[in-house]
Number of protein chains: 2
Amino acid sequence: MRNRFYKGSLTLIWLATGSLLVAGCTQVETSDTDAQEATAPSGSEGIIRASFNDDGSVNRPENWREWVFVGAPLTPNALNGGAAAFPEFHNVYIEPSAYAAYSETGEFPEGTQIAKELTTVRDNNNAENGSSQEVSGVGYFEGEFAGLELTVKDSVRFKDEPGGWAYFSFGHKAPPYEQTATAMPTDSCNACHAESAGDDFVFTQFYPVLRAAKPQ
Amino acid sequence: MRNRFYKGSLTLIWLATGSLLVAGCTQVETSDTDAQEATAPSGSEGIIRASFNDDGSVNRPENWREWVFVGAPLTPNALNGGAAAFPEFHNVYIEPSAYAAYSETGEFPEGTQIAKELTTVRDNNNAENGSSQEVSGVGYFEGEFAGLELTVKDSVRFKDEPGGWAYFSFGHKAPPYEQTATAMPTDSCNACHAESAGDDFVFTQFYPVLRAAKPQ
């Protein structure tokens, strides 16, 4: 029912950019029909996943804020010489059916989609470290939306990408985000994600929700 | 379907502590039957909300990590004289049916439940500001679960609380969290939340997801 609602009223509100988080290498049978969902794992009822077009571009998912939140890394410009790649909060979500599969198997299934939405850091403190002074103390607080990115694992469609993961940006900017995106160059994202190759290129070390969900 | 899964396998994984986020004052008809769901707004199918017992205590919800994430405030000890009330990341979630209602009306309905799960801040940097050095840069990254808190808006059950909001802690500690909790003293939470009395005691200024969902 969350999705029903979203379809009705949030389409008008959401739009903007971001960066991503995964990669690995298995060959699994995937559907290759264009303009349809990327290899949807079971259990996606009602969730509006990203879909692909004939030209290979991907359509923005509609309700990523209803996906399962996994963690919010933060690398402020103030702590990175003024030049962090992504100086915002990174709100990272995994599409629910992929989360369910991961929770059962400990592996990211074909068709996994992970979204990263960026939000600016509030700053009313003029502190050197970029923090803000709020009622609950000095620290970092989410401000405004500033970008949306997506990664999709599809070892057939993206057979040349590490782990079959491709990365997309719908704009590193305030909403409205772009409606479609094409895969980014491998190096631009995998340069970092390669560090997590041992965990299928997903930064699970930063995502306690995924670590807890993984079967022991 | 996300919930079906959760019921089956996450119950074993989750348990621990936290702190909360809301408060207001309206008189709305609510169910008063004990050991049942707190005034559930419509649209909660499959979501395991907190329920109340005969003695007034509340039972921990089961799948708050599937609720709608709204923001992740962070007030590190290092930036607060070593004594932040909650030095962890605050992963804040609103129960989905309350989110749907808020998105339609701009108000938190009776029965709204908001959870706040705390996670430690990774520290492999020994930096004065408490940050960590990771592949994506210097900043703050979520470590381990460290607490779970909940607030419930029920103007009948909690008629003496500001806005009808009561606050509960299932432990400010690592999992396993407590199974039940009793309402905390008003001042212990409302001292901060009173600052947001104009927005029904919810810190929407820190939650871009709620601001975006609110009808314009």
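Refer to the structure above for everything that follows.
The notes below deal with the structure included here. Within every chain, residues take consecutive numbers counted from 1 along the sequence as written. To read the labels, note that chains go from A and ligands from 1, taken in the order they are written. Per-residue local features are limited, in this predicted model, to residues with pLDDT of at least 70; the limit for side-chain atom pairs, both in listing and counting, is 80 or more; totals at the level of whole chains, interfaces and linings are taken over all residues. The side-chain numbers reported here are obtained from all heavy atoms of the structure, hydrogens and water having been left aside.

Moving on, we come to the overall build of chain A. Here a helix means four or more residues in a row that DSSP labels H or I, a strand means two or more in a row labelled E, and each is numbered from the N terminus. Along its length, chain A carries four helices and ten strands. Counting the 216 residues in chain A, one finds 62% classified as buried. By sequence separation, contacts in chain A at least 24 residues apart represent 66% of the contacts at least 6 residues apart. The accessible surface values rely on the Shrake-Rupley method and a 1.4 Å probe; as for residues, cover is taken only from the protein chains in view. Carbon and sulfur atoms make up 49% of the accessible area of chain A, which amounts to about 7,900 Å² in all. Note on exposure labels: buried denotes an accessible area under 20% of the residue type's maximum, exposed denotes more than 50%, and partly exposed covers the range between, all computed with a 1.4 Å probe on protein chains only. In this analysis, two residues are considered to be in contact whenever any of their non-hydrogen atoms come within 4.5 Å of each other.

All names here are of chain A. Taking strand neighbours across the sheet as the criterion, the three strands line up as 1-2-10 in an open arrangement whose pairing is antiparallel. Edge strands, defined here as strands with exactly one partner in the open sheet, are strand 1 (51–52) and strand 10 (180–181). DSSP-based pairing: two strands are paired if at least 2 bridges between them are found. Pairing between strand 1 and strand 2 (residues 58–59): two bridges, direction antiparallel. In the strand pairing of strand 2, Phe52 is matched with Val58.

When their charged atoms lie close together, side chains carrying opposite charge are able to pair. Residues and elements named next belong to chain B. Each salt bridge in this description consists of a side-chain nitrogen of Lys or Arg and a carboxyl oxygen of Asp or Glu lying within 4 Å of one another. Per the stated rule, a full pass over the model turns up 16 salt bridges over all chains. Among the salt bridges present, the one from Glu117 reaches Arg65, with a minimum N-O distance of 2.7 Å. Separated by 52 residues along the polypeptide, Glu117 in strand 5 (residues 113–121) and Arg65 in the loop between strand 2 (58–59) and strand 3 (68–71) bring together distant segments of the chain.

Moving on, we get to helix 2 (residues 96–105) of chain B. Residues and elements named next belong to chain B. Here helix 2 lies mainly inside the structure; eight of its ten residues are buried. Looking only at helix 2, the buried set comprises Pro96, Ser97, Ala98, Tyr99, Ala100, Ala101, Tyr102 and Ser103. Taken from the residues just after helix 2, Gly106 is the one with a positive phi, measuring 75°.

A separate point is the environment of Phe158 of chain B. All names here are of chain B. Mapped onto the elements of the fold, Phe158 is located in the loop between strand 8 (142–153) and strand 9 (165–169). Each C-alpha atom, one on Phe158 and one on Ala183, is 9.3 Å from the other, the two residues being 25 residues apart in sequence. Apart from the residues lying within four places of it in its own chain, the contact partners of Phe158 are Phe52, Val152, Gly164, Ala166 and Phe168.

Two aromatic rings, drawn from Phe, Tyr or Trp (for Trp, its six-membered ring), form a pair once their centres lie within 6.5 Å of each other, and the interplanar angle then sorts them: stacked below 30 degrees, edge-to-face above 60, tilted otherwise. As enumerated under the stated definition, the model contains 22 aromatic pairs over all chains in all. Ring plane angle 20° and centroid distance 4.3 Å describe the contact between Tyr102 of chain A and Phe108 of chain A, whose orientation is recorded as stacked. In terms of burial, Tyr102 of chain A and Phe108 of chain A fall into one category: buried. Members of the aromatic cluster, each reached through a chain of ring pairs, are Phe69 and Tyr93 of chain A together with Phe69 and Tyr93 of chain B. Criterion for a charge above a ring: Arg CZ or Lys NZ at most 6 Å from the ring centre, at most 35 degrees from the ring normal. Across the ring face of Phe145 of chain A, the terminal group of Arg65 of chain A is positioned such that the distance to the ring centre comes to 3.7 Å. Here the basic side chain of Arg157 of chain B rests over the ring of Phe52 of chain B, its NZ or CZ set 3.9 Å away from the ring centre.

For the rest of this paragraph, the subject is the sheet that holds strand 3 (residues 68–71) of chain A. Residues and elements named next belong to chain A. Spatially, 3-4-5-8-9 is the arrangement adopted by the five strands of the open sheet, whose pairing is antiparallel. At either end of the open sheet lies a strand with only one pairing partner, and these are strand 3 and strand 9 (165–169). Strand-to-strand twist across the sheet, computed as the mean angle between neighbouring axes with direction ignored, equals 30°. Relative to strand 5 (residues 113–121), strand 4 (residues 89–94) runs antiparallel, the two sharing six bridges. Looking at strand 5, one finds that Phe89 is bridged to Thr119. Axis angles are defined between N-to-C directions and span 0 to 180 degrees, where every axis is a line fitted to C-alpha atoms and, for a helix, only to the segment in contact.

Looking now at the interface of chain B and chain A. Accessible area lost during the coming together of the parts is what is often quoted as the interface size. Contact residues are listed per partner, giving 58 residues for chain B and 58 residues for chain A. Summed over both partners, the accessible surface that disappears when two parts come together, traced with a 1.4 Å probe, is what is meant by buried area. For the chain B and chain A pair, buried surface summed over both sides reaches about 4,700 Å², with 64% attributable to carbon and sulfur atoms. The interface formed by chain B and chain A holds two salt bridges in total. The closest approach of N and O atoms between Arg211 of chain A and Glu144 of chain B, which form a salt bridge, is 3.2 Å.

Turning our eyes to something else, we now look at the relation of the copies chain B and chain A. One chain copy maps onto the other through a rotation about an axis and a shift parallel to that axis. A residue counts toward the fit only if its pLDDT is at least 70 in both copies, and the copies are then superposed by least squares on the C-alpha atoms of those residues. Once chain B is rotated about the relating axis by 180° and shifted along it by 0.0 Å, it coincides with chain A to within an RMSD of 0.0 Å. Within this description, the copies of the chain are treated as partners about a two-fold rotation axis. Proximity to the rotation axis, assessed at the C-alpha, singles out Phe69 of chain B in chain B; its C-alpha lies 3.1 Å from the axis. Both copies present the same face, since 100% of the interface residues in chain B are matched by interface residues at the equivalent positions in chain A.

All names here are of chain A. Counting through the fold element by element, Ser169 comes out in strand 9. Taking C-alpha positions, Ser169 is 7.7 Å from Thr182, a pair spaced 13 residues apart along the chain. Whenever a nitrogen or oxygen atom comes within 3.5 Å of another N or O atom, the pair is scored as a polar contact, on the condition that within protein one atom can donate a hydrogen and the other can accept it, and that pairs from neighbouring residues in sequence are kept only if both atoms are in side chains. Within the structure, the side chain of Ser169 is placed 3.5 Å from the side chain of Glu149, a separation counted as a polar contact. Separated by 3.1 Å, the side chain of Ser169 and the backbone nitrogen of Gly171 make a polar contact.

Any functional reading would require information that these geometric values do not contain.
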